[in-house]
Amino acid sequence: MAEPHLTVKNLVMYYRTVRGEVKAVDNVSFSLPRSKTVAIIGESGCGKSSLAKSIIKLLPRNVSVYKGVILFDGVDLMKMDEESFRRDIRWVKITYVPQAALNSLNPVIKIGEQMIEPLLLHFKMRKTEALERAAKALKTVGISEEFINHYPFELSGGMRQRVIIAMSMLTNPELMVLDEPTSSLDVLTQANIINLLKTIKRDLKLSMIFITHDVGLSSELADRVAVMYAGQIVEFASADEFYRNPKHPYSQKLMDSVPTLKTDKKLDFIPGSPPSLLNPPRGCRFAERCPYRFEKCKEPPPVINLSEEFYVRCWLYEKR
Amino acid sequence: MPLLDIIDLKKYFEVKRGIFGSKGYVKAVDGVSLSLERGESVSIVGESGCGKTTLGKTILRLYEPTDGKIVFDGKDITHLTWKELSWYRRETGLVQQDPSGALPSFMTVKRILEEPLIIHKVKDKEERRERIYKVLEQVKLTPVEDFLEKYPHMLSGGQQQRLVIARSIILRPKLIIADEPVSMLDASVRVEILKLLQNLQRDYRLSIIYITHDLSTTRYFSERICIMYAGHIVESAETRELLTNPLHPYTRALLNVIPDPDPSNRFIIREVPAGEPPNLLNPPPGCRFSPRCRNIMNGLCDVKEPPVVEVRKGHFVKCWLYV
Ligand SMILES: Nc1ncnc2c1ncn2[C@@H]1O[C@H](COP(=O)(O)OP(=O)(O)OP(=O)(O)O)[C@@H](O)[C@H]1O
Ligand SMILES: Nc1ncnc2c1ncn2[C@@H]1O[C@H](COP(=O)(O)OP(=O)(O)O)[C@@H](O)[C@H]1O
Ligand code: SF4
Ligand SMILES: [Mg+2]
Ligand SMILES: [Mg+2]
């Protein structure tokens, strides 16, 4: 098998706060083959955005622990110094669309000017060349290049989101990290953006990390699925396996809470709420809400490999 | 007799346009008719800006209607004054989208629930206490003692929304308008809150108008669905009928893009109508969906507003294709 494009191994990232350490990313591992998409799904606060920031190394000041392995094309990004990372990786080979990026566009600066700023600043590109790139990127996302001279306030939400995606594509990246790229948009606009991401994925063969809390939507792009719960990935599976046959009790209960339009099913919810990341339980973090909990769940569950790459973190799958 | 009867309701907002300040009207609700039985629930589904919130607030008489009629329990309340509406406020309630914004941060749970009782002159302290306990049990914020002295920020999003619901039902209303009550919440909490509303509807014969942009939750929740587009209700039918037999091109487009979890989704590009919903200051002539409609009949759809047609019993659609 070809080497994965991205391999994340035992990634840990904690925040320091007055109330203690927030274990936002706690021993996360997954891998992603070239030109495939992994969806990271999970409830609000489970650590999805923190994981994204850890991969692109855009961390706030109050990070207390940051360790693990991030192999990108075989190179460990964790060992790379900030200068080379900025020169060769961030915004170059790996780009990032942060959550709520839509609000980050300055309404009174022309689209083109905003798009090329990083090219001028980081890459010391000439302005004409940068503008050419911007025009090309806009075309890729389905916006006519004359919009370079428009202001963001003249654009609808859907078009602005396209501009944001275009900005992340200026450098012909290999991997895109998209954090909830459609969550504030209307249904039809969202479908449009998803169509766009599907064509980008197909035609440009980009690898993607697609973060969303919407399980149905995740299946629009995912080749692989990582389910996060309280800072950990509790299940990592292929899309074919996951959507038909989720393994972890949390994944199963999460799936039960997703309304469907085309099939009849009984909706169910998970009583209680996730544990605090300040002080998560020592054993299985889902145990308190798990219908299958038994004695062993008081201990940290092992990572059970279901194949060479996929796994579930649950005592139920321990081989006896 | 239905609990609520709305006939050709309109709500226009006056706005000034351009530097010369010529007047214009945002036609946020433009001729909506709807009726609701006691203990029935109906969903209003549409994209942002189509007029859902305005419709809800006009029905609750938080806005003065521009035209049309609202009849509640046999009484015409369309133009009652603020003072005359006091009883109507007691019999209706509103649950809003953002639970944290809807709750005063400096009040405890107990205080938040006591406020409407005091305003509506429940004088006996003991009775107020009892009603607060009862309502917290109804929304399952139990054990009640654990919650009484808490402030909103100490509650999770789901608990906050349950508190908002508790406040909206503490005066034992007959009608609740729930405006995107679960949009800000996670999938599981969504289901929990919708089930709670459903139980209240069943156990207390509460009528509920459920406003949402999320078509997929409606089928579990309401008996009827109304699809709203640009200030109009373009289709309405019993829930199952609407979902299995959508008629309006807009409804069809909506249904076509909402993904159920399925690994084969990633291989398809979905058909999406071009363009965006119109500006309600200056909506297009004829059918308001016509500029985006794949079935448009030029010379008709883009000229004349389509009438509402009952295609099957109880299944209404506002589209020239069915005339
Ligand atoms: N800078 C920070 N300092 C301290 N704690 C933080 C910081 N950023 C995030 N957290 C905490 O880390 C945890 C994970 O947050 P994160 O934003 O990664 O969640 P998420 O899964 O992206 O949630 P959502 O779906 O709401 O976007 C939360 O408990 C959050 O409060
Ligand atoms: N107070 C107001 N003054 C002027 N226009 C308004 C006001 N409230 C809403 N609108 C406009 O009315 C239309 C419908 O808005 P709204 O009812 O909030 O839609 P929805 O709830 O479906 O998102 C929008 O065009 C909105 O900008
Ligand atoms: S009336 Fe015409 S334009 Fe409007 S939805 Fe029907 S077919 Fe489309
Ligand atoms: Mg996030
Ligand atoms: Mg609204």
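Quick note: structure is the one above.
Residues numbered from 1 in each chain as written. Chains lettered and ligands numbered in written order. Predicted model: local features only at pLDDT ≥ 70, side-chain atom pairs only at ≥ 80, totals over all residues. Heavy atoms only, no water.

**A look at the overall build of chain A**
Applied cut-off: Comment: elements are numbered from the N terminus, with helices defined as DSSP H or I runs of at least four residues and strands as E runs of at least two. Throughout, the radius of gyration refers to the C-alpha atoms, and the reference size of a globule is 2.2 Å times the residue count to the power 0.38. Residue burial is assigned from relative accessible area. The probe radius is 1.4 Å, only protein chains are included, and a residue is buried under 20% of its type maximum, exposed over 50%, and partly exposed in between.
Scanning chain A for helices and strands turns up 9 helices and 12 strands. By the compact-globule yardstick of 20 Å for 320 residues, chain A fits well, its C-alpha radius of gyration being 20 Å. For chain A, the spread of C-alpha atoms along the three principal axes comes to 65 × 50 × 45 Å. Taken across its 320 residues, chain A has 55% of its residues classed as buried.

**Topic: the overall build of chain B**
Cut-off, in case you're wondering: Values of accessible area rely on a 1.4 Å probe in the Shrake-Rupley scheme; residue burial ignores everything except the protein chains shown.
The helix and strand inventory of chain B stands at 11 helices and 12 strands. In terms of overall dimensions, chain B is globule-like: its C-alpha atoms have a radius of gyration of 21 Å, near the 20 Å expected for 323 residues. Oriented by its inertia axes, the alpha-carbon framework of chain B measures out at about 70 × 55 × 45 Å. Carbon together with sulfur atoms contributes 51% to the accessible area of chain B, which is approximately 14500 Å² in total.

**Section: the coordination of the magnesium ion (ligand 4)**
Residues and elements named next belong to chain A. For the record, the criterion: For Na, K and Ca the donor cut-off is 3.2 Å, and for all other metals it is 2.8 Å, counting N, O and S atoms only; because water is absent from this set, sites may look incomplete.
Coordination of the magnesium ion (ligand 4) by the protein comes from Ser49 (OG) and Gln99 (OE1), over a distance range of 2.0 to 2.1 Å. In this pair, serine 49 is assigned in helix H1 (residues 48-56) and glutamine 99 in the loop between strand S6 (94-97) and helix H3 (111-123), connecting sequence segments 50 residues apart. When its relative accessible area of 17% is taken as the criterion, serine 49 is described as buried.

**Structural notes on the packing of helix H7 (residues 157-169) of chain B against helix H8 (residues 187-204) of chain B**
All names here are of chain B. Counted only if it meets this: Helix axes are fitted only over the stretch in contact, all axes being lines through C-alpha atoms; the angle between N-to-C directions runs from 0 to 180 degrees. Here the word oblique covers every angle except those under 35 degrees (roughly parallel), over 145 (roughly antiparallel) and from 65 to 115 (roughly perpendicular). The sense of a crossing depends on the near helix, which, turned anticlockwise from the far helix by less than a right angle, makes the crossing left-handed and, turned clockwise, makes it right-handed. For this analysis, residues touch if any pair of their heavy atoms sits within 4.5 Å. Classification used: nonpolar for Ala, Val, Leu, Ile, Met, Phe, Trp, Tyr, Cys and Pro, charged for Asp, Glu, Lys and Arg, polar for all others including Gly.
Between H7 and H8, the least distance of the axes is 10 Å, while the angle of their chain directions is 20 degrees. Judged by the inter-axis angle, H7 sits roughly parallel to H8. In this structure, the crossing between H7 and H8 has a hand that is right-handed. Contacts between H7 and H8 involve Gly158, Gln161, Arg162, Ile165 and Ile169 on the former and, on the latter, Val189, Glu192, Ile193, Leu196, Leu197 and Leu200. Counted by class, the contact of H7 with H8 contains 7 nonpolar, 2 polar and 2 charged residues.

**Focus on the site of ligand 1**
Residue and element names in this part refer to chain A. Quick note on the threshold: Nearness is defined per residue: one heavy atom within 4 Å of the molecule or strand is enough. Any pair of nitrogen or oxygen atoms within 3.5 Å is treated as a polar contact; in protein, a donor-acceptor pairing is required on top of that, and neighbouring residues in sequence qualify only through side-chain atoms on both sides.
Surveying the vicinity of ligand 1 reveals 16 residues, the closest of which are Ser44, Gly45, Lys48, Ser49 and Ser50. Within the side chain of asparagine 62, one N or O atom sits 2.8 Å away from a nitrogen atom of ligand 1. Within the complex, the protein chains bury 69% of what would otherwise be the 640 Å² of accessible surface of ligand 1. Every element with two or more residues in the shell around ligand 1 is listed here: strand S1 (6-17), strand S2 (20-32) and H1. The biggest single contributor to the shell around ligand 1 is H1, with 3 residues. Residues of the shell around ligand 1, tallied by class, amount to 6 nonpolar, 8 polar and 2 charged.

**Quick look at the sheet that holds strand S11 (residues 303-305) of chain A**
Residues and elements named next belong to chain A. Stated precisely, the cut-off is as follows: DSSP calls a pair of strands paired once it identifies at least 2 bridges connecting them.
If you trace the 8 strands from one edge of the open sheet to the other, you get S6-S7-S8-S3-S9-S10-S12-S11, paired in mixed fashion. With partners counted over all chains shown, the strands left at the sheet margins are S6 and S11, one partner each. Adjacent strand axes in the sheet meet at a mean angle of 20 degrees when their direction is disregarded. Of the strands in this sheet, strand S3 (37-41), S6, strand S7 (175-179), strand S8 (207-212) and strand S9 (224-229) are in contact with H1, which crosses S6 at around 150 degrees. Its contacts with the sheet place helix H6 (residues 187-204) against S3, S7 and S8, and it is angled at close to 155 degrees to S8.

**Section: the interface of chain B and chain A**
Test applied: Simply put, the buried area is the total loss of 1.4 Å probe accessible area from both parts when two parts are fitted together. Take a side-chain nitrogen of Lys or Arg and a carboxyl oxygen of Asp or Glu: if they are within 4 Å of each other, that pair is a salt bridge.
Residue-level contacts link 36 residues of chain B with 40 residues of chain A. Roughly 3600 Å² of surface becomes buried between chain B and chain A when both sides are summed, with 56% attributable to carbon and sulfur atoms. When residues of chain B are sorted by the area they lose upon contact with chain A, B:Tyr220, B:Pro261 and B:Arg266 head the list and together hold 19% of the total. The interface formed by chain B and chain A includes 5 salt bridges. Of the charged contacts in the structure, one is a salt bridge between B:Arg266 and A:Asp240, with a shortest N-O distance of 3.8 Å. Our count for the contact surface shared by chain B and chain A stands at 23 residue pairs in polar contact (both at pLDDT 80 or more). Elements supplying a minimum of two residues to the side of chain B that touches chain A: H8, helix H9 (215-218), helix H10 (239-244) and helix H11 (249-257) of chain B. Split into classes, the residues belonging to the side of chain B that touches chain A amount to 18 nonpolar, 6 polar and 12 charged.

**Re unusual backbone geometry**
Leaving glycine out, the prevailing phi sign among residues is negative, and the prevailing peptide bond configuration is trans. Following B:Thr142, the chain continues to B:Pro143 via a peptide bond in cis, the omega torsion being -10 degrees. Among the structural elements, B:Pro143 can be located in the loop between helix H5 (125-138) and helix H6 (144-148). Of note in this structure, A:Ala230 is not a glycine but carries a positive phi near 50 degrees. Summarising the element assignment, A:Ala230 is placed in the loop between S9 and strand S10 (232-238). Residue A:Ala230 is classed as buried on the basis of its relative accessible area, which comes to 4%.

**As for the pairing of S9(A)**
Residues and elements named next belong to chain A. Counting buried residues in S9 gives 6 out of 6 residues, a clear majority hidden from the surface. The alternating pattern of S9 places Arg224, Ala226 and Met228 on one face and Val225, Val227 and Tyr229 on the opposite face, and all of these are buried. As consecutive antiparallel partners, S9 and S10 are separated by 2 residues, and within that stretch alanine 230 has a phi angle of approximately 50 degrees, a positive value.

**Examining the packing of helix H5 (residues 157-167) of chain A against H6(A)**
All names here are of chain A. In the contact formed by H5 and H6, the axes pass within 10 Å of each other and the chain directions differ by 25 degrees. Judged by the angle between their axes, H5 and H6 are roughly parallel. When you trace H5 past H6, the crossing you get is right-handed. Across the interface between the two elements, Gly158, Gln161, Arg162 and Ile165 of H5 pack against Thr189, Asn192, Ile193, Leu196, Leu197 and Ile200 of H6.

**Some points on the nonpolar core**
Short version of the rule: Nonpolar cores were defined as sets of buried Ala, Val, Leu, Ile, Met, Phe, Trp, Tyr and Cys residues, with membership established by side-chain atoms within 4.5 Å.
Core analysis: the largest hydrophobic core is formed by 63 residues, its most contacted members being A:Met115 and A:Ile165. When residues no more than four places from it in sequence are discounted, the contact partners of A:Met115 are A:Ala134, A:Ala137, A:Leu138, A:Val163, A:Ala166, A:Met167 and A:Leu170. In this structure, B:Ile112, B:Ala166, B:Leu197 and B:Tyr210 belong to the second largest nonpolar core, which totals 40 residues.

**Re the site of ligand 2**
All names here are of chain B. Around ligand 2 sit Phe13, Val26, Ala28, Glu47, Ser48, Gly49, Cys50, Gly51, Lys52, Thr53, Thr54 and Leu280, and that is every residue in its neighbourhood. A distance of 3.0 Å separates an oxygen atom of ligand 2 from a polar backbone atom of glycine 51. Between threonine 53 and ligand 2, the recorded distance is 2.6 Å, taken from a side-chain N or O atom to an oxygen atom. Coverage of ligand 2 by the protein chains reaches 64% of its 570 Å² of free accessible surface. Of all the secondary structure elements, the ones that give two or more residues to the shell around ligand 2 are strand S2 (22-36) and helix H1 (52-59). In terms of residues, the shell around ligand 2 owes the most to one element, H1, which gives 3 residues. Residue composition of the shell around ligand 2, grouped by class: 5 nonpolar, 5 polar and 2 charged.

**A word on a nonpolar patch on the surface**
All names here are of chain A. To keep things clear, this is the line we draw: Here the term patch refers to residues with relative accessible area over 30% and no salt bridge, with like charges joined within 9 Å and nonpolar side chains (Val, Leu, Ile, Met, Phe, Trp, Tyr) within 5 Å.
Among the surface-exposed residues, Tyr292, Phe294 and Leu316 lie close enough to one another that they form a single nonpolar patch of about 260 Å² accessible area. Along the chain, leucine 316 turns up in the segment after strand S12 (311-313). Under the relative-accessibility criterion, leucine 316 is labelled partly exposed at 34%.

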